[in-house]
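Next come the chains, spelled out residue by residue.
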Amino acid sequence: MARPRRGLWPVKRISIPARWLARVTTSPMDSGQEQLSGLPALLDRHVPLGPDQAARRLGVRRVDLDAAVRLGFLSPIGTVEIDYKHHGGVTVVPLFSAVDVALLPVVRPLVDWQAVATARPGRRSPLAALTPVDPGEDRVLLAEVGRIAGVGRAAAANWRRRYDDFPAPAGGTATSPEFDRAKVVAWLLAHGKIAIPTEAPSAALVVTGAGGGTRRFRLEDPHLLLADDAEDEDRLSGWSTDEDADSLAALSAGTFGLTVKHLATPGAPPLAVLGEAHVIDRFRSGTGGLRLTVTWPAGLRGTAASGPAGGVVRHGIAYAGPGEGCVCRRHDCGGVVPVSWCAEHGGAVGPVLAWPCG
């Protein structure tokens, strides 16, 4: 198999603290249906995004994202050095945490994010009129703690009384204490008072390699192209961490590649793939993000089973294109369970195949 393409821009150095790249888990899946139903929240983590990808994730213009950085609302978690060769030499591109970006409108409730998101091209950013945050002085009153969590000041004050681990004041007075915003947000997340927004598109994969063991991965801003012909290939691409890209490429190496036990992506039903899924491309954009592409034979695609182990539901025919005369039971993936009176697939009636994954 051909070696995956690494991208158009030579990358000289990537600098990301290890704590931002910690995998959610690399151990076999725990049993229980909640493991699949809660997968998007479980996998929402610090995927490094370049500035352009971060702006799209937030739903604003690049100029608005740059303004948020200048204000101290958002800080890079690392950098990547990209050598443009004949276009100016080495450029250091900042990388941002997808979670930090997603949480930005939540933790800054006093900002009119609707005005920012609807600002027209060429117009000055609404954020430009705001005052930058002094380093170490980003503090909130209890009233703003309540706004962040969507409750009133009284509820926030009650949390402070009830919970011993509520952050201690960082300033202010006894009657009007001020709290460090980052510590408050961490506490609210830990206690389930706020959640990471899930509106941003992402794809969650549960896969197994030839050596066994189940792994979970996430691709931001995914694009899934399903082939119309069973002899063709499906294609999934999305932004990834370097660590995940390396792991997926290693797991998919070899003839049999990956088995996708469960794929959840916007705009498509839950899918599974019986094998031969391979990483074919790793593209480093000029803005620092790493985009990964995975393909598999369309004929091995199936509707994901609803059980906690994932896998493909029972089919009689692995894949069949739409036909006007077909009266068989049809799955969203294109697979059918044929019946004898179907003019198109009646001749294929036989033992129904059970295709387990793993």
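Keep in mind that this is a model prediction, so the values were computed, not measured. (Residues numbered from 1 in each chain as written. Predicted model: local features only at pLDDT ≥ 70, side-chain atom pairs only at ≥ 80, totals over all residues. Heavy atoms only, no water.)

1. Considerations on the overall build of the chain
Assigned secondary structure in the chain consists of 10 helices and 16 strands. The buried share of the chain, taken over its 358 residues, is 47%. Sequence-distant contacts in the chain: of pairs separated by 6 or more residues, those separated by 24 or more amount to 61%. Carbon and sulfur atoms make up 53% of the accessible area of the chain, which amounts to about 17500 Å² in all. (Helix = DSSP H or I, 4+ residues; strand = E, 2+ residues; numbered from the N terminus. Buried < 20%, exposed > 50% of the residue type's maximum accessible area, 1.4 Å probe, protein only. Contact = heavy atoms within 4.5 Å. Areas by Shrake-Rupley, 256 points an atom, 1.4 Å probe, with all protein chains shown as cover.)

2. Description of the side chain of R108
Mapped onto the elements, R108 comes out in the loop between α5 (98-107) and α6 (113-117). Within the local environment of R108, its side chain forms a polar contact with the side chain of D138, the two groups lying 2.5 Å apart. (Polar contact = N/O pair within 3.5 Å; in protein donor to acceptor, adjacent residues only side chain to side chain.)

3. Considering helix α4 (residues 62-71)
Taken together, the buried positions of α4 are occupied by D64, L65, A67, A68 and L71. Buried positions in α4, seen along its axis, are confined to an arc of 160 degrees and lie on one side of it. Taken together, the buried residues of α4 touch α3 (51-58), β4 (90-97), α5 and α6. Of the residues flanking the end of α4, it is G72, one or two places downstream, whose phi is positive at about 85 degrees. (Arc of directions from axis to C-beta.)

4. A short note on the layout of surface pockets
Put simply, the largest pocket is a space of about 600 Å³. Lining the largest pocket are 21 residues, and of these F73, D100, V107, A182 and V185 sit closest to its centre. The set of elements that each furnish at least two residues to the lining of the largest pocket consists of α5 and α9 (181-190). Residues of the lining of the largest pocket, tallied by class, amount to 13 nonpolar, 3 polar and 5 charged. In this structure, the second largest pocket spans a volume of roughly 200 Å³. (1 Å grid on protein atoms, 1.4 Å probe; cavity = no way out; pocket = protein on both sides within 12 Å on 5 of 7 lines; lining within 4 Å. Points joined across faces, edges and corners; volume = space filled by probe spheres on them. Nonpolar A, V, L, I, M, F, W, Y, C, P; charged D, E, K, R; others polar.)

5. Some thoughts on the confidence of the model for the chain
Detailed conclusions should not be drawn from predicted coordinates in areas where pLDDT is low. Looking at the chain as a whole, its pLDDT mean stands at 74, while 68% of the residues score no less than 70. Across the chain, element-level confidence peaks in strand β7 (residues 177-180) with a mean pLDDT of 96 and bottoms out in helix α1 (residues 34-37) with 36. Note that pLDDT drops below 50 for residues 1-12; the model gives that stretch 36 contacts with residues more than four away or on any other chain. For the stretch residues 349-358, pLDDT sits under 50, and the model shows 22 contacts to residues farther than four places along the chain or on other chains. (pLDDT = per-residue confidence, 0-100.)

6. Details of the pattern of salt bridges
Scanning all chains against the criterion turns up 10 salt bridges. With a shortest N-O distance of 3.5 Å, E137 and R139 are connected by a salt bridge. In this structure R139 comes out as partly exposed when scored by relative accessible area, which is 27%. Where R139 meets E178, a salt bridge forms, and the shortest distance between an N and an O atom there is 3.7 Å. On the criterion of sequence distance, the pair formed by R139 in strand β5 (residues 139-140) and E178 in strand β7 is long-range, its members being 39 residues apart. Given the relative accessible area of 27%, E178 is considered partly exposed. Three or more residues joined by partner-sharing salt bridges are found here, namely R108, D138, E144 and R181. (Salt bridge = Lys/Arg side-chain N within 4 Å of Asp/Glu carboxyl O.)

7. Comments concerning helix α10 (residues 242-252)
Taken across its 11 residues, α10 has 8 buried, putting it largely inside the fold. Those residues of α10 lying buried are D242, D244, A245, S247, L248, A249, L251 and S252. Just downstream of α10, G254 is the residue with a positive phi angle, here 100 degrees.

8. Some details on the pairing of strand β12 (residues 271-284)
Counting buried residues along β12, 10 of its 14 residues qualify, which places the element largely inside the surrounding structure. Across 3 bridges, strand β11 (residues 258-264) lies against β12 in antiparallel orientation. Residue pairing in the sheet places L258 in a bridge with A277 of β12. Direction of pairing for β12 relative to strand β14 (residues 301-303): antiparallel, over a ladder of 3 bridges. Residue pairing for β14: A272 is matched across the bridge by G302. Summarising the sheet, β12 and strand β13 (residues 290-297) pair through 6 bridges and their orientation is antiparallel. Across the sheet, V279 pairs through a bridge with V294, a residue of β13. (Pairing = 2+ DSSP bridges.)

9. What to know about the packing of helix α7 (residues 142-149) against α9
The interhelical angle for the contact between α7 and α9, taken along N-to-C directions, is 40 degrees, at an axis separation of 11 Å. Taken together, the axes of α7 and α9 are oblique relative to one another. In terms of crossing hand, the pair formed by α7 and α9 is right-handed. Along the contact surface, α7 presents E144, V145, I148 and A149, while α9 presents R181, V184 and L188. A breakdown of the residues in the contact of α7 with α9 according to their chemical character gives 5 nonpolar, no polar and 2 charged. (Axes fitted to C-alpha atoms, helices over the stretch in contact; angles between N-to-C directions. Parallel < 35°, antiparallel > 145°, perpendicular 65-115°, else oblique. Left-handed = near helix turned anticlockwise from the far one by under 90°.)

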